[in-house]
Amino acid sequence: MTEQPPMEPVEPGEDLGLLPGTPAGGRRRAAKSRRGGCLPILLVVVLFCGLVAWFARGAISDVKDMFAGPEDFSGPGSGEVTFVIDPGQTVGSMGAELEDLGVVASGEAFVDAAAKNDRSTRIQAGTYLLKSEMKAADVVAILVDPANVSTETVTVPEGLRVVDIVDVLAKKTDFTKKDLNAALRSPDLGLPDYAGGNPEGYLFPATYTISPNDTAAGFLKAMVDRWKQAADDAGLDAAAERLGYTPHELMTIASLVQVEGKTADDMAKIARVILNRVENPGTAGQVGRLQIDASVDYALGRKLTVGLTQAEREDTDSPYNTFRVVGLPPGPISAPGDDAITAAMNPTEGDWYYYVTVNLRTGETKFATTYDEFLTYTNELRDYCANESEGAC
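> Which residues make up the packing of helix α6 (residues 177–184) against helix α7 (residues 216–234), and what are the values?
Following both chains from N to C, one finds α6 and α7 inclined at 50°, their axes separated by 8 Å at the closest point. Classified by the angle between their axes, α6 and α7 sit oblique to one another. Once α6 is placed against α7, the crossing between them reads as right-handed. In this structure, α6 uses Asp 179, Leu 180, Ala 183 and Leu 184 to contact α7, whose residues at the interface are Ala 216, Ala 217 and Leu 220.

> Summarise the environment of Gln 286; cite the residues concerned and give the values.
For Gln 286, the location among the structural elements is in the loop between α10 (264–279) and α11 (293–299). Take Gln 286: its relative accessible area is 3%, and that puts it in the buried class. Sequence separation between Gln 286 and Tyr 353 is 67 residues, and the spatial gap between their C-alpha atoms is 7.6 Å. The residues contacting Gln 286, other than those within four sequence positions of it, are Arg 277, Asn 280, Pro 281, Tyr 353 and Tyr 354.

> If you had to explain the packing of aromatic side chains to someone new, which residues and values would you point to?
Two numbers describe a pair of aromatic rings. These are the distance of the centres and the angle of the planes. Tallied over the full model, the rule gives 10 aromatic pairs. Considering the side-chain rings of Tyr 298 and Tyr 320, the 4.8 Å spacing of their centres and the 55° angle between planes classify their relative orientation as tilted. Note that Tyr 298 is positioned in helix α11 and Tyr 320 in the loop between α12 (310–315) and α13 (338–345), a separation of 22 residues in sequence. Neither residue differs from the other here; Tyr 298 and Tyr 320 are each classed as buried. Taken together, the aromatic side chains of Phe 175, Tyr 208 and Phe 219 make up a single cluster linked through ring pairs. In this structure, Arg 277 packs its charged tip against the face of Tyr 354, placed 4.8 Å from the ring centre.

What counts and how
Residues numbered from 1 in each chain as written. Predicted model: local features only at pLDDT ≥ 70, side-chain atom pairs only at ≥ 80, totals over all residues. Heavy atoms only, no water. Axes fitted to C-alpha atoms, helices over the stretch in contact; angles between N-to-C directions. Helix = DSSP H or I, 4+ residues; strand = E, 2+ residues; numbered from the N terminus. Parallel < 35°, antiparallel > 145°, perpendicular 65-115°, else oblique. Left-handed = near helix turned anticlockwise from the far one by under 90°. Contact = heavy atoms within 4.5 Å. Buried < 20%, exposed > 50% of the residue type's maximum accessible area, 1.4 Å probe, protein only. Phe/Tyr/Trp six-rings, centres within 6.5 Å; stacked < 30°, edge-to-face > 60°. Lys NZ or Arg CZ within 6 Å of the ring centre and 35° of its normal.

Given below as structure tokens:
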């Protein structure tokens, strides 16, 4: 190996005369190596700081949300929303319902506002007129003021015809017969398609709260909506499919059962008699006709009461006369309640083809599988009528 002469020391600042980028011994390479090692560390530091900042912003947002409270509208709200409080209803369920109605932004905001109002324990059952998108505290302020509650109610009994329901409403509310009858003809009533535009049987019997701002059309629609709720809760469509009938036919059976039966147990048995007669004509001495007096009353346009003459049974020319027409009448003859609808959907198992109400005062009803047994119960009814005061039968 050839020996190299020793390098002379370089004074600080002395130009080595090298081209840019040309290494001078180990100096330039060492410096480059140090710079390359710092860059990844710098990137890690920047990334770490960014993550810290990102988490910090999220934490700050969470803290803000924690102290901001539940979502609430600023108010004052708009439009009109009728809100009904049922007896015994809790503040929590009120809040959930108000949120569903769009009155408050969240049920939690209402509950919090109620907790801060000393008079919230005085909220009364009844109907209140509110607005959409109200501040929760404003809603509570309205509900705690007794002056804002409407407690007027009207009860529509089971078993009434539409014409009878109109009479009840015209008598006990401010609705006029003219407005009620006009509303019954409106396509906005909300009847199911299979009702064919006829509200008979689809105005649900119940006790309703009346708001000062209710209209005849709105009230009758609420009755149809209440029927829809009852039908859905009971599973009407599924039951119709299971039994092989249409929902309209089951509602027709329910309406007959409603006026013929006095108890839920009797209603379910009467429903079975109806199905047995429809499905097994010619069995047990009957010919497939239902022979229900109330259907003839309906055909004659009078209240559904007992007391037909034999001539009325035989001579009344109407598809609703079940003494002349085989099978079910064209539609309901009355407004059935929950028990009657349930009975039509779940008839008691049995081979009955007849029934007789042997005591008109108590409603005691006996069921027969043969015509001879039916005649025995018919005689029992005659004896009852003979021993009761005049006009009882």
